[in-house]
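# Tertiary structure, described
Spelled out, the chains give:
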Amino acid sequence: MIDLRSDTVTKPTPAMRRAMAEAEVGDDVYGEDPTVNRLQERAAELFGKEAAIFVPTGSMGNQIAVKLHTRPGNEVVIEERGHIFNYEMAAMSAVAGTVARPVRSADGSGILRWEEIASGLHVNSHYYVAPTGLVAIENSHNLAGGTVYTRARTEEVCERAHATGLPVHLDGARIFNAAAAQNETVAALARPADSVMFCLSKALGAPVGSMLLGTREFIEEARANIVIFDVAGTGIAADAVCARLAERQVLASGFGTSIRMVTHYDVSREGVETALAALREVIQKRP
């Protein structure tokens, strides 16, 4: 069987499966997973970026980037066939509160020139026009047939966007393909962008996972894809709320006036509902 449906149909090799089974593991929140740490450090090294974070999917990596680069009510300028716009379940509106401003590449290649991007920008516009918050490009471009941004084109787009005060996110799900096609390094293709996402789960054969890269500060903020809420308005200290939750068999982390809760594999939907009910009870019984 010659399976050409997608590069996501790749399967781990026997050696990869053995490596997974034998990998050192630890708690990632506390930075104690040596395997993930090495993966993130190696990815940052390959791309010439300060830091990287491992995420389950490419869509998640892209949407974290959109969220961090923008504010609710912003527009994201993107080629009209871009994956972030068309195939990520409108997550940019649901997660980041942004809307796409799709623009067309005049030659049909999917590779945008700055003039085409500029046609979709709203910078210093009237207050009732949604301002542009981000420029997103894709290399290689999935729905345009795998067309690629050259290093020169990426550098031009990023330089002009930065001069306008706008960040650039690179959806590099298949950037290793683009690098191979042009005999370039991934670092050369990604260096001008403020953030970049690439997939491990496509032609590389990994069963799951993608990487998001950027500055160290950007990646530290990306790690807060997690529920953190302020309880100052309740009149109860965060640690006191957590102590009362613990009495009700619900554990959370308090710091300052905030509480941190993170869902995971061991927490069912019923568990979440129970935790919410316990939180309501604690708050309603405040002094």
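### A look at the sheet that holds strand β3 (residues 99-103)
Taken in spatial order, the seven strands make up an open sheet running β1-β7-β6-β5-β4-β2-β3, and their pairing is mixed. Strands with a single pairing partner mark the edges of an open sheet, and in this sheet they are β1 (51-55) and β3. Taking the axes of each pair of neighbouring strands and ignoring which way they run, one obtains an average angle of 20 degrees across the sheet. Two elements, strand β5 (residues 168-171) and strand β6 (residues 195-199), share three bridges in a ladder whose sense is parallel. For leucine 170, the partnering residue across the bridge sits in β6 and is valine 196. In the packing of helix α2 (residues 34-47) onto the sheet, the strands contacted are β1, β6 and β7 (210-214), and the crossing angle to β1 comes to about 130 degrees.

### A few points about the nonpolar core
Soluble globular proteins tend to bury their nonpolar side chains together. Residues Phe47, Ile117, Val135, Ile175, Phe198 and Leu213 are the most contacted members of the largest nonpolar core, which totals 33 residues. With residues up to four places along the chain from it excluded, the contact list for phenylalanine 198 reads Ala43, Phe47, Gly172, Ala173, Ile175, Phe176, Ser210, Met211 and Leu213. Counting 14 residues, the second-largest nonpolar core is a separate cluster that includes Ala238, Val250, Ala275 and Val282.

### Some thoughts on the side chain of serine 258
Following the sequence through the fold, serine 258 ends up in strand β10 (residues 258-261). In contact with serine 258, other than residues within four places in its own chain, are Ile228, Phe229, Asp230, Ala238 and Ser253.

### A look at the layout of surface pockets
Considered as a void within the structure, the second largest pocket measures approximately 490 Å³ in volume. For the second largest pocket, the lining is made up of 17 residues, of which Met20, Thr35, Leu39, Leu200 and Ala206 are closest to its centre. Listed by contribution, the elements that provide at least two residues to the lining of the second largest pocket are α1 (14-22) and α2. Of the residues belonging to the lining of the second largest pocket, the class tally is 13 nonpolar, one polar and three charged.

About the thresholds
- Residues numbered from 1 in each chain as written.
- Predicted model: local features only at pLDDT ≥ 70, side-chain atom pairs only at ≥ 80, totals over all residues.
- Heavy atoms only, no water.
- Pairing = 2+ DSSP bridges.
- Helix = DSSP H or I, 4+ residues; strand = E, 2+ residues; numbered from the N terminus.
- Axes fitted to C-alpha atoms, helices over the stretch in contact; angles between N-to-C directions.
- Contact = heavy atoms within 4.5 Å.
- Core = buried A, V, L, I, M, F, W, Y, C linked by side-chain atoms within 4.5 Å.
- Buried < 20%, exposed > 50% of the residue type's maximum accessible area, 1.4 Å probe, protein only.
- 1 Å grid on protein atoms, 1.4 Å probe; cavity = no way out; pocket = protein on both sides within 12 Å on 5 of 7 lines; lining within 4 Å.
- Points joined across faces, edges and corners; volume = space filled by probe spheres on them.
- Nonpolar A, V, L, I, M, F, W, Y, C, P; charged D, E, K, R; others polar.

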